[in-house]
Amino acid sequence: MLTSISDAICNGNTYDIAELVQSDLDAGNDPHELLKAMTDGLDRCGQKFGCGEYFLPELIVAGEAFTEGMNILEPHLVGSTMGQEGKVVLGTVAGDVHTIGKNLVGFLLKSSGFEVIDLETDNSVEKFVQAVKKFQPDVLGMSALLTTTMEGMGNVIKALDKEGLRERTKVIIGGGPVSEKFAEQIGADAYAADAVEGVRKIKELVAK
Ligand code: B1M
C-alpha cells in the first residue's frame, strides 16, 4: 500500500490520495512511514522532471497531491504542542515558491513546542528583515529549492548584519541545493538536510 501512496504522489493522483492515506492509517500503518512514502513519490516526480520525462504540469499536480495527502496525515503526526521552546520566523527566499519542505519544518517545530511565524514563500530581503524586527525571533529559518534563489540567503544575512540584528538572531538554512559548506560561506549559524535535523539544530541554536 505504501507503494500505491508513493505512486499516487508521483503521478499527481489528487483524486485518490486522501482515500489511500486514510485507508493506510485505518490499517494501522505508521504515519511517519506514510510521510516517507509520500516524500519518495515527490522525489521520483522530481527525477522524472529532471530528465525530461515529466513537465511542469506533472510537477504541479504532484505538489497538490502531496498537500491533499498531508491534510489527512498531519493530525496523526502531531506530537506535543505544549510549551514554548522558542520563536522561529520561517520562509522561502525571493523567487522561490516551493512550500512543501518549509511547511514540514514548520509543522515539526510547532509539534515540538515552538512558536512559528510562517512568512510563506517568495520573501524579499526587506520582508525578512522587517519580520525579524517585528517578531524578534530566536531563530530565522530560510528555505531555498533553486540554485537561482539560494544566493538570496546570503543577502538576508548581510542585511541583518547591517541593521544590527544579527547578534541576537541565529540563522539556519535548508533546501535541496544548499549545504553545510554554503551555510559557512554565507555566514549562517546552521544547515539542516531535513526537517528532523532542522528541529534538532534549532533546539541547539536556542540553547546556546
Ligand atoms: Co520545482 N524544482 N520548480 N516545483 N520541484 C525542483 C526543486 C527541482 C530539483 C526539480 C528537478 O529539476 N529535478 C528543480 C530545481 C533545480 C535547481 O535549481 N537545482 C525545480 C525547478 C527547476 C522548478 C521550476 C523552475 C520549474 C519551471 O518553472 N520550469 C519552478 C520554479 C518555481 C519557483 O519557485 N519560482 C518549479 C515549480 C515547482 C512547483 C510549484 C510546480 C512544485 C512546488 C509545489 C509546492 O511546493 N507547493 C515543485 C515541486 C513539487 C518540485 C519537486 C518535485 C519536489 C520539491 C519538494 O517539495 N520536495 C523538486 C524535486 C525534488 O526535490 N526532488 C523540484 C519534498 C520536500 C519535503 O523536500 O523541499 O527538499 P524539500 O525539503 C526538505 C529538505 O530540503 C529540508 O527539509 C525538508 C524535509 O525533509 N529543508 C529544510 C527544506 N527547507 C528547509 C529549511 C530548514 C531546514 C531544512 O531550516 C530553515
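Predicted model, so just to flag it, every value in this text is computed and none were measured.

1. Things to note about the site of the ligand
Near the ligand lie 32 residues; those nearest to it are Gly-95, Val-97, His-98, Thr-99 and Ser-143. Within the backbone of Gly-46, one N or O atom sits 2.8 Å away from a nitrogen atom of the ligand. In this structure, Ser-143 approaches the ligand through a side-chain N or O atom, which is 2.8 Å from a nitrogen atom. Those elements that provide at least two residues to the shell around the ligand are helix H3 (31-50), helix H4 (56-77), helix H5 (100-111), strand E3 (139-143) and strand E4 (170-174). Looking at the shell around the ligand element by element, the count peaks at 5 residues for H3. By residue class, the composition of the shell around the ligand is 17 nonpolar, 12 polar and 3 charged. When residues of the shell around the ligand are assigned to domains, at least three fall in each of domain 1 (2-77) and domain 2 (86-207).

2. Re H5
With 12 residues, H5 should reach 16 Å at 1.5 Å per residue; the first-to-last C-alpha distance of 16 Å fits that figure. Every buried residue of H5 is listed here: Lys-102, Leu-104, Val-105, Gly-106, Phe-107, Leu-109 and Ser-111. If you follow the buried residues of H5, they end up packed against H3, H4, strand E1 (86-92), strand E2 (114-118), E3 and helix H9 (195-207). One or two residues past the end of H5 sits Gly-113, with phi positive at roughly 95°.

3. A short note on the packing of helix H1 (residues 2-10) against H3
The interhelical angle for the contact between H1 and H3, taken along N-to-C directions, is 40°, at an axis separation of 7 Å. Judged by the angle between their axes, H1 and H3 are oblique. Handedness of the H1/H3 crossing: right-handed. Every residue of H3 that contacts H1 at Leu-2, Ile-5, Ser-6, Asp-7, Ile-9 and Cys-10 is listed here: Glu-33, Leu-34, Ala-37, Met-38, Asp-40, Gly-41, Leu-42, Arg-44, Cys-45 and Lys-48. Its residues assigned to classes, the contact of H1 with H3 shows 9 nonpolar, 2 polar and 5 charged.

4. Details of the side chain of Asp-96
Along the chain, Asp-96 turns up in the loop between E1 and H5. Look at Asp-96: it is buried, it has no salt bridge, and the nearest opposite charge is Lys-102 at 10 Å. Polar contacts involving the side chain of Asp-96 include one to the main-chain amide nitrogen of Leu-146, which spans 3.3 Å. Setting aside anything within four residues of it in sequence, one finds Asp-96 in contact with Thr-121, Asp-122, Ala-144, Leu-145, Leu-146 and Thr-149.

5. Quick look at the packing of H1 against H4
One can describe the packing of H1 onto H4 by two numbers: an axis separation of 7 Å at closest approach and a directional angle of 135°. Here H4 runs oblique to H1, going by the angle between their axes. Seen from H1, the contacting residues are Ala-8, Ile-9 and Cys-10; seen from H4, they are Ala-62, Ala-65 and Phe-66.

6. Considerations on the domain arrangement of the protein chain
Split into domains, the protein chain comes out as domain 1 (2-77) and domain 2 (86-207). Each of domain 1 and domain 2 was reduced to a C-alpha centroid, and the two centroids are 26 Å apart.

7. Overview of the pairing of E1
Within E1, 6 of the 7 residues are buried, which leaves the element mostly enclosed by the surrounding structure. Once the chain exits E1 it traverses H5 before rejoining the sheet at E2, and the crossover so formed is right-handed. Note that E1 and E3 share 5 bridges and pair parallel. Bridged to Leu-90 within E3 is Gly-141.

8. What about unusual backbone geometry?
Note on backbone geometry: most residues besides glycine have negative phi, and most peptide bonds are trans. Phi at Glu-120 is positive, roughly 65°, even though this residue is not glycine. Tracing the chain through its elements places Glu-120 in the loop between E2 and helix H6 (125-135). By relative accessible area, which is 41% here, Glu-120 ends up partly exposed. In this structure, Asp-122 is a non-glycine residue whose phi angle is positive, near 55°. With respect to the helices, strands and loops of the structure, Asp-122 is situated in the loop between E2 and H6. Residue classification places Asp-122 among the partly exposed residues on the basis of a relative accessible area of 42%.

Definitions and cut-offs
- Residues numbered from 1 in each chain as written.
- Predicted model: local features only at pLDDT ≥ 70, side-chain atom pairs only at ≥ 80, totals over all residues.
- Heavy atoms only, no water.
- Near = heavy atom within 4 Å.
- Polar contact = N/O pair within 3.5 Å; in protein donor to acceptor, adjacent residues only side chain to side chain.
- Helix = DSSP H or I, 4+ residues; strand = E, 2+ residues; numbered from the N terminus.
- Nonpolar A, V, L, I, M, F, W, Y, C, P; charged D, E, K, R; others polar.
- Domains from an automatic or database assignment.
- Expected span 1.5 Å × (residues − 1).
- Buried < 20%, exposed > 50% of the residue type's maximum accessible area, 1.4 Å probe, protein only.
- Contact = heavy atoms within 4.5 Å.
- Axes fitted to C-alpha atoms, helices over the stretch in contact; angles between N-to-C directions.
- Parallel < 35°, antiparallel > 145°, perpendicular 65-115°, else oblique.
- Left-handed = near helix turned anticlockwise from the far one by under 90°.
- Lys, Arg positive; Asp, Glu negative; His and termini not counted.
- Salt bridge = Lys/Arg side-chain N within 4 Å of Asp/Glu carboxyl O.
- Right-handed = clockwise from strand over helix to strand, strands pointing away.
- Pairing = 2+ DSSP bridges.

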